[in-house]
Each structure stands twice: as C-alpha cells, then as structure tokens.
Amino acid sequence: MRSIALVELQEHQEVLFGLIDLLRMQSVEIKVFAPAYMLEPWPVDWMTDSKLKRYPKFPKESIPVFITRHKREVDTCEVLIFTTLVSNFAFFAQQRFLPKTILLIHKGNFFFARSKSLQIRSFKDGLRWIRSVWLREGYFQRKMLHNFYGCAFLDPLITEFMQPYLPAKLSTIDLPSVYYSSVSPPLNVTIQIVVPGTVSALTRDFNMLFAALKLVDGKLKQPIELIFLGNAGTSRARGLFQLMGQRTFKQVHIQTFENSIDEATYTAQLQLADFLILPLKASIQFGIYQEWYGKTTISGGINDLLRFGKPTLLPNFYPLHPALNQLTQRYQNADELAQLLLEWVNEQAYLPIAERASTELEPFSKENTSKRLMEILKRLL
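A brief report on the enclosed structure follows. (Residues numbered from 1 in each chain as written. Predicted model: local features only at pLDDT ≥ 70, side-chain atom pairs only at ≥ 80, totals over all residues. Heavy atoms only, no water.)

This part is about the overall build of the protein. In terms of regular secondary structure, the protein is built from 19 helices and 15 strands. What you see for the protein is a C-alpha radius of gyration of 22 Å, in line with the 21 Å of a compact globule of 381 residues. Projected onto its principal axes, the C-alpha positions of the protein cover 65 × 50 × 40 Å. Per-residue burial over the protein gives 54% buried out of 381 residues. Partitioning the intrachain contacts of the protein with sequence separation of at least 6 by distance along the chain shows that 72% fall at a separation of at least 24. With the model as given, the accessible surface of the protein reaches about 18000 Å², and the carbon-plus-sulfur share is 51%. (Helix = DSSP H or I, 4+ residues; strand = E, 2+ residues; numbered from the N terminus. Rg over C-alpha atoms; globule rule 2.2 N^0.38 Å. Buried < 20%, exposed > 50% of the residue type's maximum accessible area, 1.4 Å probe, protein only. Contact = heavy atoms within 4.5 Å. Areas by Shrake-Rupley, 256 points an atom, 1.4 Å probe, with all protein chains shown as cover.)

See the structure below:
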C-alpha cells in the first residue's frame, strides 16, 4: 500500500485533521508526525484504523531532533506533506527527503515577497529584522524550497495571485483540505451570529463592527446573540473588551471565551450559528511582514463558511470562489453592514442563502473533495 506522510509542526491542527479525514477515504497508508497533544484526542474510528499511524513529538523535543528521530520512517513514504513550516529553515535546507515533498504555505509574502512586504513599525520589529538577517532566513527558505518538489496554498485564488513571485522551478499544487458537511438548520430562539476565529484587533476590525452594532441596536425586531468564537483571553483581544466597556447594547448580547476552544465546542457552536460575520481587515501583520487576506493568506473563517455552508457577511475586498460567493453578502463600511444586519435579522434575508448552500457546495462534499485530492496526489505517487 502506498504511504503518505503528514507532518504538522506548529498549530494548524484543523488542516492536518482535514487531510487525514479526506485521505482515510482512500486506499493509502497515512503516517502522521505531529505534537503529542494533537494525536491524543482522536475519534475512536481513527484510533482503530490500521491505515493510520501516529508518531508524536514530545513536549520539549526540538523540531530538528523530532525530524531526525523519524527521518527513516518518513523516507519510506512516497509523498511527504508539511502542513506548516515557519522556523528551522537552516535545518530543513540541509535535509534530503526521499519522498516527493510538498510544503503547504499559509503566508505567501513571508516566503516569496519578503522585501516587498517588510513592515518595521517598532524597535522590536527592528530587532526581529536584524535577527532574520543574521540567521539568513530568506536564503535558507529559498534553499529549502529548492530541495522540495513543490508548494501548495490553501486557496487556488491565492496560488494565482502568488504565481509571479514563485521560483520558476517550484511546482504549485492544489491541495484541498476543507470539505462541506451538510448540517440541519439551527432551531434557535434567539438569532445566533458567530464571529469565528482569532479574537484579535490585529486581524478583525472591531471598531467598524461595533459602529454597525450601534446603528442597529434599538432597530432590531428581536435580540441577537453575538458570539466571538475564539480565545479572547489574550492581549490581542484587549481592543474588543475596551469597546464592550464603552458601549452597552440593549438588543445585542455578546459572548466570549476566556481560553482556547476545543474542536468539539468550536464545531458545535458553528453548527448552531444562524449566520457568520467576518469583520476582517484587508491586511494583517505576520511578524515583520504584511499579508493580504484572500491574496497572500486565507482567513480561517472562510474555511468555516465552506465547512458548514453558513450564510456570511463579508467585506467586499475578499475574493472568493463563485460557489462560496453565493453564500455571502458584502459590505465596505459600518453603514452597509448595519443595513445588512437589519435585513438579515428583521427580515431573515439569510434564510434563502442557507437553503441553497447544499446545492452550491455539492462540488465541495467530502466524497468529491477526497477524490479530487487523491487525483492530485496520484500524479506524485
């Protein structure tokens, strides 16, 4: 049986699990190399699947030691997929893996347009830049990728946008990891609106969102529950709580979570959502580099839209696949978002969108996505 190795070394558990779920439908052996905590809370059917093998990284084990310890096992596979790599580039540049090796890129500018996207805004950023130059990160990134078969992005539109910045000999591969799962319509007494993902003023435009909420509060025909579905217990969420302290709403009840949310809770909350709001900023900072949503990086909220087929209010700058776009309505400022909120809550204008989700997203079903993924990988096996 052909073997595929999946290596996750940071925190993109959702991508790793999506690939595992899709590959389990195929006749391949799957070897998973990841931090121990990602390999413990697995579903029962995963634990008993003879095709699925686990290789845990110990809590204090360095990445080079972990990879070296398991390199012989990795080299028995036909394809090796790194689902994240953001460090230890000098080490990986020296490695020669026998399988055809693919790196899934989450931040395009960080890998391929460093000078173009460099943003030094503070003394700390200056120190980060000096460290990056001292470690020759850019050089070792390029050398590492020279040894790899190719790279993959999380969205074909990002692949298209980044193409001019890629080395000529580096192949690009579509590597779907997210699929649509049909869910029953929620039966909520109060309309539940979910803002999924990172609770951070660096990536979410809380000021615009609260300005829209101020405009609709008092005009809604019923109360709504606004759920920030992410860890709000970090300093990055401070901007949200400052706004919550400054503004008291009559019809908008806000729920936050103080700690990281486990996958079961995250999934359950999304399944119960009536619709989503993604109050994204057009660009974000990744260390000292600027990334652009929908062009050089993807928002996890877009994957949530696809996974559950939820109607979504989304800024108009974000490019989407036509099928996903059919599930959104767009806004460019607080006034337009407020108007859409009134229509979606008072007139339940989101319901026709929710009803056509299963039709629009049929090409992204688990079965279809698994077949598409395997067709892509067969070219490498």
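That was the structure; now back to the text.
The next thing to look at is the packing of aromatic side chains. If you walk through the whole model with that rule in mind, you get 24 aromatic pairs. An aromatic cluster of at least three residues, connected via ring pairs, comprises Phe89, Phe110, Phe111, Phe112, Phe153, Phe286 and Tyr289. Note that Arg54 overlies the ring of Trp42, its terminal NZ or CZ placed 5.5 Å from the centroid. Lying across the ring of Tyr139, Arg136 places its NZ or CZ 4.3 Å from the centre. (Phe/Tyr/Trp six-rings, centres within 6.5 Å; stacked < 30°, edge-to-face > 60°. Lys NZ or Arg CZ within 6 Å of the ring centre and 35° of its normal.)

Taking strand neighbours across the sheet as the criterion, the 7 strands line up as 3-2-1-4-5-6-7 in an open arrangement whose pairing is parallel. The sheet is open, and its two edges are formed by strand 3 (52–57) and strand 7 (171–174), each paired on a single side. Shown here is a sheet whose adjacent strand axes are inclined to one another by a mean of 25°, direction ignored. Across 5 bridges, strand 1 (residues 3–7) lies against strand 2 (residues 29–35) in parallel orientation. Looking across to strand 2, one finds that Leu6 is bridged to Val32. (Pairing = 2+ DSSP bridges. Axes fitted to C-alpha atoms, helices over the stretch in contact; angles between N-to-C directions.)

Right, let's talk about unusual backbone geometry for a bit. The residue Asn88 is not glycine, and still its phi comes out positive at about 60°. By the secondary structure assignment, Asn88 is in the loop between strand 4 (79–82) and helix 5 (89–93). The exposure class assigned to Asn88 is partly exposed, which follows from its relative accessible area of 31%.

Let's shift gears to the nonpolar core. Counting 121 residues, the largest nonpolar core has Ile67, Phe82, Phe92, Phe112, Met144 and Phe275 as its most contacted members. Counting residues per element, this core draws most heavily on helix 16 (residues 334–346), which supplies 8 residues. Grouped together as the second largest cluster of nonpolar side chains are 9 residues, Val194, Tyr266, Ala273 and Phe308 included. (Core = buried A, V, L, I, M, F, W, Y, C linked by side-chain atoms within 4.5 Å.)

On the surface, a nonpolar cluster with roughly 630 Å² of combined accessible area is contributed by Ile120, Phe123, Leu127, Trp129, Ile130 and Val133. Its location among the elements puts Ile120 in the loop between helix 7 (114–117) and helix 8 (123–135). Assessed through its relative accessible area of 43%, Ile120 is described here as partly exposed. (Patch = residues over 30% accessible without salt bridge, like charges linked within 9 Å, V, L, I, M, F, W, Y side chains within 5 Å. Salt bridge = Lys/Arg side-chain N within 4 Å of Asp/Glu carboxyl O.)

On to helix 4 (residues 63–74). In a regular helix each residue adds 1.5 Å, so 12 residues correspond to 16 Å; helix 4 covers only 14 Å between its end C-alpha atoms and thus falls short of that length. Within helix 4, the full set of buried residues consists of Ile63, Phe66, Ile67, His70, Lys71 and Val74. Take helix 4 and look down its axis: the buried residues cluster within an arc of 155°, on one side only. Of the residues in helix 4, the exposed ones pointing more than 90 degrees away from the buried face are Thr68 and Arg72. For helix 4, the N-terminal capping position is held by Ser62, with its side-chain oxygen 3.2 Å away from the main-chain nitrogen of Val65. (Expected span 1.5 Å × (residues − 1). Arc of directions from axis to C-beta. Polar contact = N/O pair within 3.5 Å; in protein donor to acceptor, adjacent residues only side chain to side chain.)

Quick look at the environment of Ile227 now. Within the element layout of this structure, Ile227 appears in strand 9 (residues 224–231). Residue Ile227 is classed as buried on the basis of its relative accessible area of 1%. When the C-alpha positions of Ile227 and Val195 are compared, they lie 6.0 Å apart, and in sequence the two are 32 residues distant.

Here we come to the pairing of strand 9. Here strand 9 lies mainly inside the structure; 6 of its 8 residues are buried. Of the pairings in the sheet, the one linking strand 8 (residues 191–196) to strand 9 comprises 6 bridges and is parallel in character. For Ile193, the partnering residue across the bridge sits in strand 9 and is Leu226. Crossover strand 8 to strand 9 through helix 11 (residues 206–216) is right-handed. Pairing of strand 9 with strand 10 (residues 252–257) involves 5 bridges; the strand directions are parallel. Looking at the pairing, Ile227 lines up with Gln255 of strand 10. As for the winding sense of the linkage, the β-α-β connection from strand 9 through helix 12 (residues 238–246) to strand 10 is right-handed. (Right-handed = clockwise from strand over helix to strand, strands pointing away.)

Let us now look at the packing of helix 11 against helix 16. Direction vectors running N to C along helix 11 and helix 16 enclose 50°, while the axes themselves pass 8 Å from each other. Considering their axes alone, helix 11 and helix 16 lie oblique with respect to each other. For the pair helix 11 and helix 16, the crossing hand works out as right-handed. Mapping the contact onto sequence places Met208, Leu209, Ala211, Ala212, Leu213, Leu215 and Val216 in helix 11 and Ala334, Asp335, Leu337, Ala338, Leu341 and Leu342 in helix 16. When the residues that make up the contact of helix 11 with helix 16 are grouped by side-chain class, the tally is 12 nonpolar, no polar and 1 charged. (Parallel < 35°, antiparallel > 145°, perpendicular 65-115°, else oblique. Left-handed = near helix turned anticlockwise from the far one by under 90°. Nonpolar A, V, L, I, M, F, W, Y, C, P; charged D, E, K, R; others polar.)

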